[in-house]
Amino acid sequence: MTGDLPAVPGVLSARELRRTAETIAATQEPDGAIPWFTGGHTDPWDHIESAMALTVAGMWTQAREAYIWSAKTQRDDGSWPMQIRAGLIENHDADANFCAYLATGVLHALTVTGDTDFAAELWPTVRAGIDFVLGLQRGEHGEIHWSAGESGTSGEALLTGCSSIHHSLGCAVTLAERMGDPRPDWVLARRRLGHALRHHPEAFLDKSRYSMDWYYPVLGGALRGEAARARIARHWDEFVVADLGIRCVSDAPWVTGAETCELVLALDAIDDTARATTLFAAMQHLRDSDGSYWTGLVFTDGKRWPEERTTWTAAAVILAADALSRTTAANGIFRDALAD
């Protein structure tokens, strides 16, 4: 693990990135959980995103504690509660995407640090989480129901969530091979999910007003090449606001930092580096003087909304900076997604 920190010249220096990571670490609770903000709730997906950012910033001790928290809070069925606050469960249901994302985080950590022993320690947790998620692959075309609770599954699939799961499954397959525990059933499940994402839009709830449904099939690796470029082009004017970032939803004058940085990662994955860098620079108006990032801006009145500086927004900034700068060994965690 080197000491180099990502920097995007003229946009974000290595020192500024480190300060952003410190704001994430300052939010981390004694048990290792990383909530949205101090006093806020923790969800298993954003928690992992923050752990990945801490790893990029060289704060491996804190990142390690975050991953250990994930292992300690996993339930017997391989799932995690959807929402926890100060150690208390606020929502007992499980989100399939949340439960899959640890695979992405552990592969990212292994790639950056080379700590095979720690990856092996976390491997049973990753394996149980993925098996839980694939138990929800009940759709006709290979889609995965987005949640499960005491009353059963949601019975519905989300395009964004399934796109993220598609990526996590690729990471899980790679981890399985590196751990000497290959899972060909996971390969087949990912292939089915990728087919659904590419060819069966009717299998998913219509959330097309959300920008995530636009770019996540690209970010998650289900689309590459001309199909990915065409999808990005189709809705560019609908979501991108010049000099500010991208809208969270198409019908509201609200740009958000995390979604903008995720689009940066998606563009980077299809070699659209120039526009990715332009968007990364555009969203820096959300940076606060302490290095944290506001979640979004209502650009018609210039007000930040919600009035929260979220760890997951800061984390998305750090991961985008790493991808653009090609700094850590895991800078291509999204760009290099496995082909189906």
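Details of the structure are given in the entry above.
Residues numbered from 1 in each chain as written. Predicted model: local features only at pLDDT ≥ 70, side-chain atom pairs only at ≥ 80, totals over all residues. Heavy atoms only, no water.

A. Quick peek at the overall build of the protein. For the protein, the count of helices and strands is 13 helices and 10 strands. Here the C-alpha atoms of the protein give a radius of gyration of 18 Å, agreeing with the 20 Å that 2.2 N^0.38 yields for 340 residues. A principal-axis box enclosing the C-alpha atoms of the protein has dimensions of 45 × 45 × 35 Å. For the protein, with 340 residues in total, the buried portion stands at 59%. When the accessible surface of the protein is split by element, carbon and sulfur atoms take 50% of a total near 13500 Å². Taking the average place of the 29 positive charges on the side chains of the protein and the average place of its 46 negative ones, the gap between the two points comes to 3 Å. (Helix = DSSP H or I, 4+ residues; strand = E, 2+ residues; numbered from the N terminus. Rg over C-alpha atoms; globule rule 2.2 N^0.38 Å. Buried < 20%, exposed > 50% of the residue type's maximum accessible area, 1.4 Å probe, protein only. Areas by Shrake-Rupley, 256 points an atom, 1.4 Å probe, with all protein chains shown as cover. Lys, Arg positive; Asp, Glu negative; His and termini not counted. Charge placed at Lys NZ, Arg CZ, Asp CG, Glu CD.)

B. Up close: the sheet that holds strand 9 (residues 296-298). Here five strands make up an open sheet; going across it, the order is 6-7-8-9-10 and the pairing antiparallel. Since the sheet does not close on itself, it has two edges, and those belong to strand 6 (240-241) and strand 10 (303-304), each with one partner. One ladder, built from two bridges, connects strand 9 with strand 10; its direction is antiparallel. Following the sheet pairing, Leu 297 is matched in strand 10 by Arg 304. (Pairing = 2+ DSSP bridges.)

C. Local environment of the sheet that holds strand 3 (residues 94-95). Taken in spatial order, the three strands line up as 3-4-5 in an open sheet, and their pairing is antiparallel. Strands at the two margins of the open sheet, each flanked by one partner only, are strand 3 and strand 5 (152-153). In terms of strand pairing, strand 4 (residues 147-149) meets strand 5 through two bridges, oriented antiparallel. Bridge assignment links Ala 148 to a residue of strand 5, and that residue is Thr 153.

D. Up close: the nonpolar core. In terms of nonpolar packing, the biggest core is built from 108 residues, with Tyr 67, Ile 130, Ile 144, Tyr 215, Ile 232, Leu 263 and Phe 280 touching the most fellow members. In this structure Ile 130 touches Ala 100, Ala 103, Leu 169, Ala 172 and Trp 186, once residues within four positions along its chain are discounted. Grouped together as the second largest cluster of nonpolar side chains are five residues, Val 249, Ala 252, Trp 254 and Val 298 included. (Core = buried A, V, L, I, M, F, W, Y, C linked by side-chain atoms within 4.5 Å. Contact = heavy atoms within 4.5 Å.)

E. Here's a closer look at the packing of aromatic side chains. The final tally for this structure, using the stated rule, is 11 aromatic pairs. When the centroid spacing of 5.3 Å and the interplanar angle of 15° are considered together, the rings of Trp 214 and Phe 239 count as stacked. Of the two residues, Trp 214 sits in helix 9 (residues 211-219) while Phe 239 sits in helix 10 (residues 225-239), which places them 25 residues apart along the sequence. An aromatic cluster is defined as three or more aromatic residues linked by ring pairs; in this entry it consists of Trp 214, Tyr 215, Tyr 216, Trp 236 and Phe 239. If you follow Arg 275 out to its NZ or CZ, it ends over the ring of Trp 236, 3.8 Å from the centre. When the ring centre of Trp 294 is taken as origin, the NZ or CZ atom of Arg 309, which lies over that ring, is 5.2 Å away. (Phe/Tyr/Trp six-rings, centres within 6.5 Å; stacked < 30°, edge-to-face > 60°. Lys NZ or Arg CZ within 6 Å of the ring centre and 35° of its normal.)

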